[in-house]
Amino acid sequence: TAFSGLNPNGSLLDRVDLFLLRTFHLDVKLEELHMMMGRPIKPSPLEMLHMKEFLAAGMAGMFWVLTGSPILGAFGLVGFLIPDSIFGGRIRARQTEIMRSFPTFVDLTALMLEAGLDYMSAIERILKNAKTKTELENELQKMVNEVQLGYTRKDALKRLALRTGVQEIRSFVGLIIQSDELGTSLVELLRNYAADMRFRRLNKAEKLAAQASTKMLIPLMVFIFPTVFILMLAPMAKSMAAGGLGF
């Protein structure tokens, strides 16, 4: 694992790392977060743990210095949880990018299956003809490579769903596995799934459009209305300050 290089008899930082990993079982959680972030080079799971440690120590020290109370300084340990929101934001951004190209991928897969290809050959053809590699194409390429390395198609598909963490991809994987196990027509399943996905995207767009007017009230009341009132009342206030209303 990413933490196998830690030495129990090594530096103080190594011992703190191992204590936190064993006490709070953070190794599995950090590995999973790193996987869903797309396994970037930076930060590694160990660096993610260090971010949590340093931020917690820094905030605890700051609270202690500002308040002079070690008890209140303990509240600074909430900094240990702050990086989780940062990692979660990166995961959500990556999942949004994956979903941006996923509907087109489903449509292309259905078309190629209708042309007589099996689903793995269809995916390989889509990857071969892709001009740019998005996050979705990268994950699909990993799945294809795993099949070539000896994983079963079922296991490779499940690992794809696990790496992305996207519900729509989990449903897509479930459809393929169900088709393989039951011998049903995958073309019809994917065609219905693509139509259902387009319907849900349309409903989501309509919902966001309906919420737009409500969300516009806040900037209107905070920025626009005060400016309009100032422009309307400023001449009257100036006349009153000069000794009359001007009429």
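See above for the structure.
Being a predicted model, the structure only gives us computed values, none of them experimental.

## Thoughts on the environment of Pro43
Working step 1: Tracing the backbone through its elements, the reader meets Pro43 in the loop between helix H2 (26-36) and helix H3 (45-67).
Working step 2: Using a relative accessible area of 10% as the deciding quantity, one classes Pro43 as buried.
Working step 3: A sequence separation of 184 residues divides Pro43 from Thr227, and the C-alpha atoms of the two residues are 45 Å apart.
Working step 4: With near-sequence residues (within four places) excluded, Pro43 lies in contact with His34, Met37, Met48, Met51 and Arg90.

## Re the nonpolar core
Working step 1: With 34 residues, the main nonpolar core has Phe102, Phe105 and Met143 as its most contacted residues.
Working step 2: Those elements that provide at least two residues to this core are helix H5 (82-114), helix H6 (119-129), helix H7 (135-149), helix H8 (153-164), helix H9 (167-182) and helix H10 (186-241).
Working step 3: It is H5 that provides the largest number of residues to this core, a total of 7 residues.
Working step 4: Sequence-distant contacts of Phe102, defined by excluding residues within four places in its chain, comprise Leu136, Glu168, Ile169, Phe172, Tyr193 and Met197.
Working step 5: One finds Leu6, Leu21, Leu26 and Leu30 within the second-largest nonpolar core, a separate group that totals 17 residues.

## Quick word on the packing of aromatic side chains
Working step 1: Counted according to the given criterion, the structure contains 3 aromatic pairs.
Working step 2: Considering the side-chain rings of Phe105 and Phe172, the 5.6 Å spacing of their centres and the 65° angle between planes classify their relative orientation as edge-to-face. Taken together, the positions of Phe105 in helix H5 and Phe172 in helix H9 put the pair 67 residues apart, joining distant regions of the chain. Summarising the burial analysis for this pair, Phe105 and Phe172 share the class buried.
Working step 3: Three or more aromatic residues link up through ring pairs in this structure, and these residues are Phe102, Phe105 and Phe172.

## Regarding the pattern of salt bridges
Working step 1: Within the structure shown, the criterion is met by 16 salt bridges.
Working step 2: Among the salt bridges present, the one from Arg191 reaches Glu188, with a minimum N-O distance of 2.6 Å. Of the two residues, Arg191 and Glu188 are both situated in helix H10; the distance of 3 residues between them amounts to about one turn of the helix.

## Digging into unusual backbone geometry
Working step 1: Note that the residue after Lys42, namely Pro43, is joined by a cis bond; omega there is 0°.
Working step 2: Positive phi, close to 55°, is recorded for His25, a residue that is not glycine.
Working step 3: For His25, the location among the structural elements is in the loop between helix H1 (12-24) and H2.
Working step 4: With a phi angle near 50°, Arg39 is a residue other than glycine that sits in the positive phi range.
Working step 5: Summarising the element assignment, Arg39 is placed in the loop between H2 and H3.

## Quick notes on H2
Working step 1: Within the span of H2, buried status applies to Leu26, Leu30, Leu33, His34, Met35 and Met36.
Working step 2: At its buried positions, H2 is contacted by H1, H3, H5 and H8.
Working step 3: Just beyond H2, the residue with positive phi is Gly38, at close to 95°.

Basis of the calculations
Residues numbered from 1 in each chain as written. Predicted model: local features only at pLDDT ≥ 70, side-chain atom pairs only at ≥ 80, totals over all residues. Heavy atoms only, no water. Helix = DSSP H or I, 4+ residues; strand = E, 2+ residues; numbered from the N terminus. Buried < 20%, exposed > 50% of the residue type's maximum accessible area, 1.4 Å probe, protein only. Contact = heavy atoms within 4.5 Å. Core = buried A, V, L, I, M, F, W, Y, C linked by side-chain atoms within 4.5 Å. Phe/Tyr/Trp six-rings, centres within 6.5 Å; stacked < 30°, edge-to-face > 60°. Salt bridge = Lys/Arg side-chain N within 4 Å of Asp/Glu carboxyl O.

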